[in-house]
Amino acid sequence: MNKDIQNAQQRIEELKQEVSKHDHQYYVLDEPIISDFEYDKLFSELMALETKYPQFRAEDSPTLRVGGQAIDKFEKISHSEPMLSLQNSYSPEDILEFDDRVKKFLKSEDPILYFCEPKLDGLALEVIYKNGLLVGGLTRGDGKVGENVFENVKTIKTLPLRINSPQTPELLEVRGEVVMLKKDFKRLNEHQVNSNLPPFANPRNAAAGTIRQLDPKITASRPLTFIAYAKGLLKGLNISSQADLMQNFSDMGIKTLGLAKKETDSPLILEEIAKNYIKNPKRTPPLCAICTSATEAIAYYHFIGKLRPHLPFDIDGVVIKVNSFELQEALGAIARNPRWATAAKFEPEKATTTINNIFTQVGRTGALTPVAEMEPTEVGGVTITYATLHNQDEIDRKDIRIGDTVIVQRAGDVIPEVIEVLKEKRPKKSKPFIMPNTCPVCSHPVFREEGEAKSYCINQICPAIIKESLKHFASRKAMNIDKLGDKIVNQLVDAGLVTRFSDIYRLTKEKLLTLERFAEKSAQNLIDSIEASKKTSLARFIYSLGIRYVGEQTGLVLQNHFLQLDNFLQTKPEELIEIRDIGPKVAASILRSLEDKEFISEIKSLVKLGVDIEEVTLPKSEELKLSGLNIVITGTLPVGRDEAKKLIQSLGGKSSGSVSKKTDYLLTGDSSGSKLEKARELGVPILNWEQFNQLISS
Ligand code: IVH
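These figures come from a predicted structure and were not determined experimentally.

Q: Just checking my understanding: could you explain the site of the ligand for this structure?
A: Every one of the 14 residues lining the ligand counts as a neighbour, but L86, E117, L120, E177 and Y229 are closest to it. Between the ligand and the protein, one listed contact pairs an oxygen atom with a side-chain N or O atom of E177 at 2.6 Å. For the ligand, the accessible surface in isolation is 520 Å², of which the surrounding protein chains cover 88%. Going through the elements one at a time, β3 (114–120) and β11 (315–322) are the ones with two or more residues in the shell around the ligand. Ranked by the residues each element gives to the shell around the ligand, the list is headed by β3, at four residues. Considered class by class, the residues forming the shell around the ligand number eight nonpolar, one polar and five charged.

Given below as structure tokens:
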């Protein structure tokens, strides 16, 4: 093998292991050890190398997580062992009865060890590992037959694509819950609303909608989390209890909820954990416990109840399981419910309150969002005052008015949703709410396009838009100016020191010291963090600019395609549309920005002021036969089009969808369609399958 190719193969293997390790650190352990910037770099290098050398893309490469081909419908598959369900109760005292039932059935008075877990509010999923490799994933379905959602399962970052453990079982079916984290849910709903799509009612619906997406690329763009809690079939590994199972999962790199209390620990340890976490809710504490009695299990129920509003995901109760697998087997199941487990649920996080006012917020794109200001009320331990109403269509659909009595639900994060209006309590003279036709911040007339759900303030210098754009620019996944928080942005704009992105890089310590609340040290810290943000990647830079519909993922796609800022700035519509993963709406929005003279001059100022975008370099590829060539395919080929396309790519070439002046060859099967005509017209050389083979073997 050629030396360069050998090096590439080795580097791909190294990068695959590096990226997988960091995925595990970040998603499973919640303990990243490198910055997002460094991670992006490793990931893009791997993507680029694998695109160049697809023959070395491994079956467990983390780049598989970006999602494969879309499908028409899901295939049905039987579970090898039925997925049971639990009997629910709403009263923790029922745990005492459960304990009695277990002992009676086992005809024993001995204390039983219970493994206690939060009841996750998502949907059940089974994933299958064969000799360590992730090979399947199916939904619970009716418990007997589920749907094959493997393509989507691969995109879930908390699931290792290969498990690494000293004893890799021959077959392992892992069961658990797919959830969407509250923060991911909030982001998704913002995106839904901005794209004129209805928001999801809660994280569970969002997770269910995402795992049953027919296009895995959509699934990949909406982060899901898998948390393991049970097994199906298992071959080649002996496991004796639920505690043992969870420890094994965690050793294999599969996310579990961690053990807060061992059987020998006092239940007081739970109180200590709850107290510390509520005081400092940065890292999710371990959430499972081994309890030695029903009373301890009841204390556990209250422990989880206290943590519930602070956790990063929704839960709706606790599950109490007999720990020993031997006893579980002896207990068996009645109908679809095991005798060895029970669930004690919490009341839903809903409350009734009244709407005192509806006001309008202006976001970074100028979008106007109506917000309900309510009589403060407690929902699941948290006082809430505001609820987002999304847009005029949502208000109309639910017919929400000022003065209404409504049921609110905390749907992920702290921002609740109005789920229902109690019309019988509506004040007599209430009127439907209509969004203002001028911007509430700058009074400029607002604009609502035909068929769009949102209205926009289109005043480029609206202070609200400026502030929100700057907050986005400075945010962690964008330029990551960590000392430039929301309050400081507001202060800088109000003081007239900053009105556009580049002004941030024109700030000096002296200017900052003229502002209230700034002292020598805080001013220096801000200047240092602005300085540190200058070194960045193309993906982050593009994302920071706040082009409509260009999120983080699109930033990465554009980086991988253009490699350098100048290439991006000079792109043409034909080129943008050709990029896989860039749809017409996104392309149009990018072009609109690139045609805006002020936008371009702002980018140039940023570069002049020292923003340093790291160049992405692709591996050398001159030695590949089709390196740099663009070969368009038409007609029926002996090997199928996809196959031919892959072959072209593996030899360093690319294959666009249409013939243009940039096309190097047209590869034709038996056809005489429009592409052939166009190629003749433009003088593009035409190859049949045989000639193409000669070209690649010459
Ligand atoms: S154990 C037979 N553990 O609750 C027991 N289930 O009604 C199998 N669930 O469909 C499930 N958190 O979706 C178990 N820690 C947990 C759970 C859990 C949530 C869900 C699961 C299942 C339903 C049972």
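Q: It is not clear to me how helix α5 (residues 182–194) should be interpreted in this structure. Could you clarify?
A: Spanning 13 residues, α5 covers 18 Å between terminal C-alpha atoms, matching the ideal 18 Å at 1.5 Å per step. Restricting attention to buried positions, one finds in α5 the residues K182, D184, F185, L188, N189, Q192 and V193. Along the long axis of α5, the arc covered by the buried residues comes to 165 degrees, so they all point the same way. The elements touched by buried residues of α5 are α6 (203–211) and β19 (417–421). Once α5 ends, the next one or two residues include N196, with phi positive near 70 degrees.

Q: Quick question: what am I supposed to make of the pairing of strand β24 (residues 631–634) here?
A: Each regular strand displays side chains that alternate between the two surfaces of the sheet. Of the two faces of β24, the one carrying I631 and I633 and the one carrying V632 and T634 are both buried. Sheet topology note: the β24/strand β25 (residues 665–668) ladder contains four bridges and is parallel. Among the inter-strand pairings, I633 is bridged to a residue of β25, identified as L667. Regarding the hand of the β-α-β motif, the stretch spanning β24, helix α24 (residues 641–650) and β25 is left-handed.

Q: Quick question: what am I supposed to make of helix α17 (residues 520–533) here?
A: Structurally, the α-helix is built with 3.6 residues per turn, so residues lying three or four positions apart point the same way. Between its first and last C-alpha, α17 extends 20 Å over 14 residues, near the 20 Å set by a 1.5 Å rise per residue. The set of residues buried in α17 consists of A523, L526, I527, S529, I530 and S533. Viewed along the axis of α17, the buried residues span an arc of 165 degrees, placing them on a single side of the element. Exposed residues on α17 whose side chains face more than 90 degrees from its buried face are K521 and A532. On its buried side, α17 packs onto α14 (486–494), α15 (501–504), α16 (509–513) and β22 (535–537).

Q: So what exactly am I meant to see when it comes to the packing of aromatic side chains here?
A: Two aromatic rings, taken as a pair, are described by how far apart their centres are and by the angle between their planes. Tallied over the full model, the rule gives eleven aromatic pairs. Between F98 and Y114, the aromatic rings sit 5.7 Å apart at their centres with planes inclined by 45 degrees, giving tilted as the arrangement. On the criterion of sequence distance, the pair formed by F98 in helix α3 (residues 94–106) and Y114 in strand β3 is long-range, its members being 16 residues apart. Here the two residues F98 and Y114 agree in accessibility, since each one is buried. Here the aromatic rings of Y301 and F346 are separated by 4.9 Å at their centres, their planes lie at 50 degrees, and the arrangement is tilted. Separated by 45 residues along the polypeptide, Y301 in helix α10 (residues 294–307) and F346 in the loop between β14 (341–345) and β15 (350–362) bring together distant segments of the chain. Both residues of the pair, Y301 and F346, count as buried.

Q: Can you walk me through the packing of helix α13 (residues 463–474) against α14 in this structure?
A: In a packed pair of helices, the relevant descriptors are the angle between the two axes and the axis-to-axis distance. For the pair α13 and α14, the least separation of the axes is 9 Å and the interaxial angle reads 135 degrees. The orientation of α13 relative to α14 falls into the category oblique. Crossing angle aside, the handedness with which α13 passes α14 is right-handed. Within the contact between the two elements, α13 uses I466, K467, L470 and K471 and α14 uses D486, V489, N490, V493 and D494. Its residues assigned to classes, the contact of α13 with α14 shows four nonpolar, one polar and four charged.

Q: Just to check I follow, could you spell out the nonpolar core for this structure?
A: Inside soluble globular proteins, nonpolar side chains tend to come together where they are buried. Counting 76 residues, the largest nonpolar core has F226 and F313 as the members making the most contacts within it. Looking at which element gives the most residues to this core, the answer is α10, with eight residues. Contact partners of F226, with chain neighbours within four places excluded, come to L125, V127, I156, T158, L159, V174, R175, G176, E177, V178, I254 and K255. One finds V498, F541, F568 and I603 within the second-largest nonpolar core, a separate group that totals 48 residues.

Q: Explain the pattern of salt bridges to me, please; I cannot follow it from the model alone.
A: A side chain of one charge can pair with a side chain of the opposite charge when the charged atoms of the two come close. On inspection of all chains with the given rule, the structure shows 39 salt bridges. The shortest N-O distance in the salt bridge between E31 and R283 comes to 2.8 Å. Within this pair, whereas E31 is found in the loop between α1 (3–28) and α2 (36–52), its partner R283 is found in the loop between α9 (268–279) and β10 (288–291), the two being separated by 252 residues in sequence. Among the residues examined, E31 registers a relative accessible area of 38% and is labelled partly exposed. With relative accessibility at 41%, the residue R283 sits in the partly exposed group.

Q: Which parts of the structure should I look at to understand the packing of α3 against α10?
A: Orientation of α3 relative to α10, taken along the N-to-C sense of each, is 145 degrees, at an axis distance of 9 Å. The interaxial crossing formed by α3 with α10 has right-handed handedness. Contacts from I95, L96 and D99 of α3 reach α10 at A294, A297 and I298. Residue composition of the contact of α3 with α10, by class: five nonpolar, no polar and one charged.

Q: Would you take a moment to explain the sheet that holds β25 for this structure?
A: Backbone-to-backbone hydrogen bonds join strands into a sheet, with any given pair of strands oriented parallel or antiparallel. The strand order across the open sheet formed by three strands is β24-β25-β26, and the pairing between neighbours is parallel. Only two strands of the sheet have a single partner each, and these edge strands are β24 and β26 (686–687). Taken together, the two bridges between β25 and β26 define a ladder with parallel strand orientation. The partner of L667 across the bridge, within β26, is L687. Those strands touched by helix α25 (residues 674–682) are β24, β25 and β26, and its axis lies near 150 degrees from that of β25.

Q: Looking at this model, I keep getting lost on the confidence of the model for the protein chain. Mind explaining?
A: Low pLDDT marks stretches whose predicted atomic positions should not be read closely. Overall, the prediction assigns the protein chain a mean pLDDT of 90, with 97% of residues at 70 or greater. Ranking the helices and strands of the protein chain by mean pLDDT puts β10 first, with 98, and α24 last, with 78.

Q: Mind showing me how you'd approach the environment of R140 here?
A: Mapped onto the secondary structure, R140 falls in the loop between β5 (133–139) and β6 (145–147). Overall, the relative accessible area of 23% leaves R140 in the partly exposed class. Residues R140 and V607, 467 residues apart in the sequence, show an inter-C-alpha distance of 52 Å. Residues within four places of R140 in sequence aside, it is in contact with H79, M83, L84, S85, A124, V145 and G146. There is a polar contact of 3.3 Å between the side chain of R140 and the backbone oxygen of M83.

Cut-offs and rules
- Residues numbered from 1 in each chain as written.
- Predicted model: local features only at pLDDT ≥ 70, side-chain atom pairs only at ≥ 80, totals over all residues.
- Heavy atoms only, no water.
- Near = heavy atom within 4 Å.
- Polar contact = N/O pair within 3.5 Å; in protein donor to acceptor, adjacent residues only side chain to side chain.
- Areas by Shrake-Rupley, 256 points an atom, 1.4 Å probe, with all protein chains shown as cover.
- Helix = DSSP H or I, 4+ residues; strand = E, 2+ residues; numbered from the N terminus.
- Nonpolar A, V, L, I, M, F, W, Y, C, P; charged D, E, K, R; others polar.
- Expected span 1.5 Å × (residues − 1).
- Buried < 20%, exposed > 50% of the residue type's maximum accessible area, 1.4 Å probe, protein only.
- Arc of directions from axis to C-beta.
- Contact = heavy atoms within 4.5 Å.
- Pairing = 2+ DSSP bridges.
- Right-handed = clockwise from strand over helix to strand, strands pointing away.
- Phe/Tyr/Trp six-rings, centres within 6.5 Å; stacked < 30°, edge-to-face > 60°.
- Axes fitted to C-alpha atoms, helices over the stretch in contact; angles between N-to-C directions.
- Parallel < 35°, antiparallel > 145°, perpendicular 65-115°, else oblique.
- Left-handed = near helix turned anticlockwise from the far one by under 90°.
- Core = buried A, V, L, I, M, F, W, Y, C linked by side-chain atoms within 4.5 Å.
- Salt bridge = Lys/Arg side-chain N within 4 Å of Asp/Glu carboxyl O.
- pLDDT = per-residue confidence, 0-100.

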